[in-house]
Amino acid sequence: MIIDHPLLGPRDSAEFTYLGDASLIDRPDWQDKEAAGKFYEYQYLRDNPAGEHQELWYHEAGDRSWLVVTRDTVTHEITKVELARDVAKARGRSK
Amino acid sequence: MALMPMIGRARLLRMWGGIMDMSMDGSPIIDKTSIKGLYFNGGWCYGGFKATPGSGWVFAHLLATDEPHGTATELRFDRFQRGYMIDEKGSGAQPNLH
Amino acid sequence: MSNAMTSGHRLDGGLIDRSTELSFRFDGKSLEGHGGDTLASALLANGVRLMGRSFKYHRPRGVLSAGAEEPNAIVALREGAFTEPNTRATTAELFDGLVARSQNRWPSLGFDVMAVNDVMSDFLTAGFYYKTFMWPAKFWEKIYEPIIRNAAGLGALSGISDPDCYDKGFLHCDLLIIGAGPTGLAAAMTAGRSGARVIIADEDFLLGGRLNAETIAVGDTSGAAWAAQMAGELASMPNVRLMTRTTVIGSFDHGIYGAVERVTDHLAAAPEGKARQVLWRIYSKRAILAAGSIERPIAFANNDRPGIMQAGAVRAYTNRWAVAAASDVAVFTNNDDGHRTAGDLAAKGVKVAAIIDTRADAPDHADAEVFAGACVTDSRGRLGLSKVRVRFADGSQRWIKCGALGVSGGWNPNVHLTCHQRGRPVWDETIAAFVPGAVGPVGLSSAGAASGMFSTAAALTSGAAAAVDALTDIGIKAKSMIAPKTEDAPSISRPFGTSMAGVGPGWTSRMTSP
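Values in this document were obtained by computation on a predicted structure and should not be read as measured data. (Residues numbered from 1 in each chain as written. Chains lettered and ligands numbered in written order. Predicted model: local features only at pLDDT ≥ 70, side-chain atom pairs only at ≥ 80, totals over all residues.)

On to the overall build of chain B. Of regular secondary structure, chain B possesses 2 helices and 2 strands. The order of α-helices and β-strands along chain B, N terminus first, is β-β-α-α. Taking 98 residues into account, the globule formula puts the C-alpha radius of gyration at 13 Å, and chain B, at 17 Å, lies well above it. Principal-axis analysis of the C-alpha atoms places the extent of chain B at approximately 55 × 30 × 20 Å. Each of the 98 residues in chain B was classed as buried or not, and the buried ones make up 15%. The contacts of chain B with a sequence gap of at least 6 include a subset with a gap of at least 24, amounting to 49%. (Helix = DSSP H or I, 4+ residues; strand = E, 2+ residues; numbered from the N terminus. Rg over C-alpha atoms; globule rule 2.2 N^0.38 Å. Buried ≥ 20, exposed ≤ 12 C-beta atoms within 10 Å, placed from the backbone. Contact = placed C-beta atoms within 7 Å.)

Below is the structure:
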């Protein structure tokens, strides 16, 4: 599989390590009153779609950046690759 | 090849792949669901053939008595929420590592 | 006519190098062959028809094909730590000092004790083991299991560590062409001349595909000579990489293909430090499947005797390797292609016993008697075909003597790689075969026989057109190479899968294996 890194260009997926669903960016506030329930959902509940999926990839054998890849889990077609930092900031997170 | 160098002379006849049902802690779930009469047995990850007799036995017990078998009481859906994961590899909530 | 056989079963001509004499051993017997021979062609040239035993019933088997699809002539190549079990004799290139042993027989290929399975076959039907070997319980570990383990399998590893080393490599190209027959060569020439980066891979050691096996003219030269010419011109292009002895094994995501190159398997010994085989990962922008097609057999009782081959294989041995399958060869066909075998055999002075054509309106043939509306219903000759029984259009039956039977049931496009990544082939009624479907690996198109177009002219034009389309897709301008004039026969194949009259039950497991 080839992942088109936004800074470094197309790279073989062997240079990366896969983490999982990109919803991991949205870590709940630990001081929230409902924290226990929110962390349970954050940690263990996944939609697991057969289709478009946003996921986190770590460029371990490259520039060690984190990427959010939009990939179709059925056809493996990758339609978007962004720096995780950009996605997080767009979602209102600090980093 | 590193483990069994003689294998280099053999011919690969066929190989096959498929989709694995990975659970969040690498252990299966054998439990009733919130829908009456609907029971679940899955999330076996790579665990396979060897476990099937035991899996069938405890699942039959669950289906017949509506209560989990004594050896399978921990294999419930709500173990994640209660904090009782059965993570044999210790790799955390990352399905692809189980 | 009689001086066509130069020695044993050798004929004139062919693409072998008669100046090189190679000695080899099969089951301890010393034999001779030439450069360009495969183990199978050299064995046939020496009159060896019995090459193996079937998996389960240990039925005597001979070579069926002339290519990688060979199911019968499976041998153990080389000795000691280099022993390579389950090697197809049809793809093993002959080298001086080659040693091969037949497999799955004891004590010998000609007399195999395990053939008792064939006699007991009525009791050994599929699944017979489910209610057997259970009593007494303690017999399982000490008696039943060791016996079964010994009887199972075909070849055996030596048990010694593999002394060869292997390597991996990465290649990049604009266009990957899988197969270097007429289709692939036309595509490669078109793409090469456009300046695109091209990789063309073929599993054979000679480029040209079926052109090397046929007597089809391309332009004003023989097909084989044209292929050699094209290969020479492609080799001179710096933007084209020719890979022979290279099998493309898989189509992976995003235009990545896996290929295995057999670097030293055709040599008596690998040069010091050189990898025996290389696993290549080829990153392509587009790919063309020009993998040709495989001939189908026709089923009939005892259709697996040594000497019964694909009609196209009989031609390949006759034309490319200058070997007569036998001194009298019959043809069993349901299409026009089978008739070509008779013509090629007669041209080399081999007697054609008969052409048995299932079609009631089968055409006549100048070199052999044609029995229209007939079919083969049985055969005799346990260690080598001696005669076949034919049922004629009027219902009568008669035995016809022949040492080999070329069977042509039509051709199946090699759609394998298009079935990767959830691709599904579709049935084409006009050729009675599966062709690549609309869904398949992204960026992979097919041309020529692999896409169901069987004539040589169609191969050339579709190969060139596929290259132009693929390159246009990625923004490279290309012009189709001008295809020389060549045969453009339509393929008329009426499905005739079996001639099952007079066959008892329990037959179906004997088609080509076990």
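Structure shown, so let's carry the discussion forward.
Attention now goes to the interface of chain B and chain C. Interfaces are often described in size by the accessible area the parts lose on coming together. Listed as interface residues are 6 residues of chain B and, on the opposing side, 12 residues of chain C. Residue composition of the side of chain B that touches chain C, by class: 3 nonpolar, 1 polar and 2 charged. (Nonpolar A, V, L, I, M, F, W, Y, C, P; charged D, E, K, R; others polar.)

In this section: the environment of Asn 334 of chain C. By secondary structure assignment, the location of Asn 334 of chain C is in the loop between strand S18 (328-333) and helix H7 (337-347). Put simply, Asn 334 of chain C and Val 63 of chain C are 271 residues apart on the chain and 21 Å apart in space, counted from C-alpha to C-alpha.

All names here are of chain C. Parsing chain C into structural domains produces domain 1 (2-151) and domain 2 (166-294 + 412-473). A straight line from the C-alpha centre of domain 1 to that of domain 2 covers 30 Å. Looking at the side of domain 1 that touches domain 2 residue by residue, the classes come out as 4 nonpolar, 1 polar and 3 charged. (Domains from an automatic or database assignment.)

Our next topic: the pairing of strand S4 (residues 52-58) of chain A. Residue and element names in this part refer to chain A. Both strand S3 (residues 17-21) and S4 contribute to a ladder of 4 bridges, which runs antiparallel. Paired with Tyr 18 across the strands is Trp 57, a residue of S4. Judged from the 7 bridges that link them, S4 and strand S5 (residues 66-72) form a sheet pairing that is antiparallel. When the sheet's bridge partners are listed, Glu 55 is paired in S5 with Val 69. (Pairing = 2+ DSSP bridges.)

Residue and element names in this part refer to chain C. Sheet architecture is open: 5 strands sit in the order S2-S1-S7-S5-S6, paired in mixed fashion. A strand with exactly one partner marks an edge of an open sheet, and here the two such strands are strand S2 (29-35) and strand S6 (84-88). Averaged over all pairs of adjacent strands, the angle between their axes in this sheet comes to 40°, without regard to strand direction. Sheet topology places strand S1 (residues 17-26) next to strand S7 (residues 98-102); 3 bridges connect them, and they run parallel. Each residue of the ladder has a partner; that of Arg 25, found in S7, is Val 99. (Axes fitted to C-alpha atoms, helices over the stretch in contact; angles between N-to-C directions.)

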